[in-house]
Amino acid sequence: MILLRDARVVVPAPRQGDPDRVLLDGVTLELAERRIAVIGANGSGKSTLLRLLNGLRTVTSGQVLVDGLDPAMDGRAVRQKVGFIFTDPLAQLLMSTPVEDVELSLRSRIRNRAERSARAHTLLEERGIGHVAHQSIYDLSGGERQLVALTSVLAVDPAILVADEPTTLLDLRNKHLLRRVLAELEQQVIFSTHDLDVATDAERVIVVDGGRIVADGAPHETVDFYARAMTDQVRR
Ligand SMILES: Nc1ncnc2c1ncn2[C@@H]1O[C@H](COP(=O)(O)OP(=O)(O)OP(=O)(O)O)[C@@H](O)[C@H]1O
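Note that this is a predicted model, so its numbers are computed, not measured.

*Asks:* When you look at the overall build of the chain in this model, what are you seeing that I'm missing?
*Replies:* Helix and strand content of the chain: eight helices and nine strands. Relative to the compact-globule value of 18 Å for 236 residues, the chain shows a C-alpha radius of gyration of 19 Å, a close match. Its C-alpha atoms give the chain principal-axis dimensions of about 55 × 40 × 35 Å. Burial analysis of the chain (236 residues in total) assigns 38% to the buried set. Excluding contacts between residues fewer than 6 apart, the proportion of contacts in the chain whose partners are at least 24 apart in sequence is 63%.

What follows is the structure, given as structure tokens:
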């Protein structure tokens, strides 16, 4: 379970003399549901919030606890519990081919090279992308790349998957495919999205605005609240 207590993230202004920038302010959340979506306008603080959950970013004040562990103190242990998927899989694929990337992920778990390679092939087959195991990462489609990133992250069995706008770069077919894959995972999944349809896959939707939580609840209430707020802003 992930807990945030009065989490605040402040960064220095890029220009000297300007006030510090508050990216998140007073965020208190108990994240227990199996599927949680985070929505909000561009720059509202979604990525900042998600990055706190596996220690990619740390709080300036307040607290984040992942199963009782503080990501700032126990970063390694937290990252083993919380896998992270970026919008653009190229930001996280480190090796030239899918099988090498999954093998890299498995290195700390399986010492024997042949065993590691066999396991990596099996995991890619299970995700339906075994046929591209040896293809260059750069020659894969966006959907295939996202599945490789997911396979690498899940190879080490994290209990929680955090995904920052995982469907944004995907075409409709791959979006639906990824939605299905995420829906079937046994892990707790916490994801951000601009796609309100995708948000309704979650049982709980959190709306961020200006670094604060402005709505939190069942999708039919929160998504409507957000859609109305956005429409009102355009009308003004
Ligand atoms: N290191 C930083 N220094 C200054 N400002 C930052 C820094 N990191 C993020 N920001 C700003 O914080 C705000 C929130 O960023 P964040 O990436 O969390 O937004 P987001 O809701 O994920 O946006 P989007 O939907 O566009 O991806 C943005 O205005 C961004 O420019």
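*Asks:* Explain the site of the ligand to me, please; I cannot follow it from the model alone.
*Replies:* Around the ligand sit V11, R21, L23, G40, N42, G43, S44, G45, K46, S47 and T48, and that is every residue in its neighbourhood. At the level of secondary structure, the elements contributing two or more residues to the shell around the ligand comprise β2 (21–31) and α1 (46–52). Sort the elements by how many residues they give to the shell around the ligand and α1 lands first, with three residues.

*Asks:* What is the right way to read the environment of L24 from this model?
*Replies:* Mapped onto the elements of the fold, L24 is located in strand β2. In this structure the C-alpha to C-alpha distance between L24 and P14, which are 10 residues apart in sequence, comes to 17 Å. Those residues in contact with L24, other than ones at most four positions away along the chain, are A7, R8, V9, G45, T48, L49 and G211.

*Asks:* I would appreciate a short explanation of the nonpolar core in the present structure.
*Replies:* As a rule of thumb, nonpolar side chains are buried together in soluble globular proteins. Core analysis: the largest hydrophobic core is formed by 60 residues, its most contacted members being A7, A37, L53, I85, V162, I190 and V205. Ranked by the residues each element gives to this core, the list is headed by helix α5 (residues 142–154), at six residues. Discounting chain neighbours no more than four positions away, the residues touching I85 are A149, L150, V153, L161, A163, D164 and P166.

*Asks:* Sorry, what's going on with the sheet that holds β2 here?
*Replies:* The three strands are arranged β2-β1-β4 in an open sheet whose pairing can be described as antiparallel. Pairing within the sheet leaves two strands with one partner each, and these edge strands are β2 and β4 (61–66). Across the sheet, the mean angle from the axis of one strand to that of its neighbour is 20°, orientation sign disregarded. Looking at chain direction, strand β1 (residues 2–11) and β2 are connected through seven bridges and run antiparallel. Directly across from I2, in β2, lies its bridge partner L31.

*Asks:* Honestly, the sheet that holds strand β3 (residues 35–39) in this entry has me stumped. Any pointers?
*Replies:* In any sheet, the strands associate via hydrogen bonds between backbone groups, in a parallel or an antiparallel arrangement. In space, the six strands of this open sheet follow the order β5-β6-β7-β3-β8-β9, with mixed pairing throughout. The two strands at the open ends of the sheet, each matched to only one other strand, are β5 (82–85) and β9 (212–217). If you compare each strand with its neighbour and ignore which way they point, the axes differ by 15° on average. The strands touched by α5 within the sheet are β5 and β6 (160–164), with β5 carrying the most contacts at an inclination of about 165°.

*Asks:* Mind showing me how you'd approach the pairing of strand β7 (residues 188–192) here?
*Replies:* Taking burial as the measure, the five residues of β7 include four buried ones, the bulk of the element. Bridging between β3 and β7 involves four bridges; their strand directions are parallel. Residue pairing in the sheet places A37 in a bridge with F191 of β7. Across five bridges, the pairing between β6 and β7 is parallel. Its bridge partner lying in β7, A163 is registered against F191. This β-α-β element, β6 to helix α6 (residues 172–184) to β7, shows right-handed connectivity.

*Asks:* I would appreciate a short explanation of the packing of α5 against α6 in the present structure.
*Replies:* The description of two helices packed together rests on the angle between their axes and the distance between the axes. At a minimum axis distance of 10 Å, the contact between α5 and α6 shows a crossing angle of 20°. Between α5 and α6, the angle falls in the class roughly parallel. Of the two elements, α5 crosses α6, and the hand of that crossing is right-handed. Here α5 contributes G142, G143, Q146 and L150 to the contact with α6, which in turn contributes N174, L177, L178 and V181. For the contact of α5 with α6, a count of residues per class yields four nonpolar, four polar and no charged.

Rules of the game
- Residues numbered from 1 in each chain as written.
- Predicted model: local features only at pLDDT ≥ 70, side-chain atom pairs only at ≥ 80, totals over all residues.
- Helix = DSSP H or I, 4+ residues; strand = E, 2+ residues; numbered from the N terminus.
- Rg over C-alpha atoms; globule rule 2.2 N^0.38 Å.
- Buried ≥ 20, exposed ≤ 12 C-beta atoms within 10 Å, placed from the backbone.
- Contact = placed C-beta atoms within 7 Å.
- Near = placed C-beta within 6 Å.
- Core = buried A, V, L, I, M, F, W, Y, C linked by C-beta atoms within 7 Å.
- Pairing = 2+ DSSP bridges.
- Axes fitted to C-alpha atoms, helices over the stretch in contact; angles between N-to-C directions.
- Right-handed = clockwise from strand over helix to strand, strands pointing away.
- Parallel < 35°, antiparallel > 145°, perpendicular 65-115°, else oblique.
- Left-handed = near helix turned anticlockwise from the far one by under 90°.
- Nonpolar A, V, L, I, M, F, W, Y, C, P; charged D, E, K, R; others polar.

All we've got here are geometric facts, nothing functional implied.
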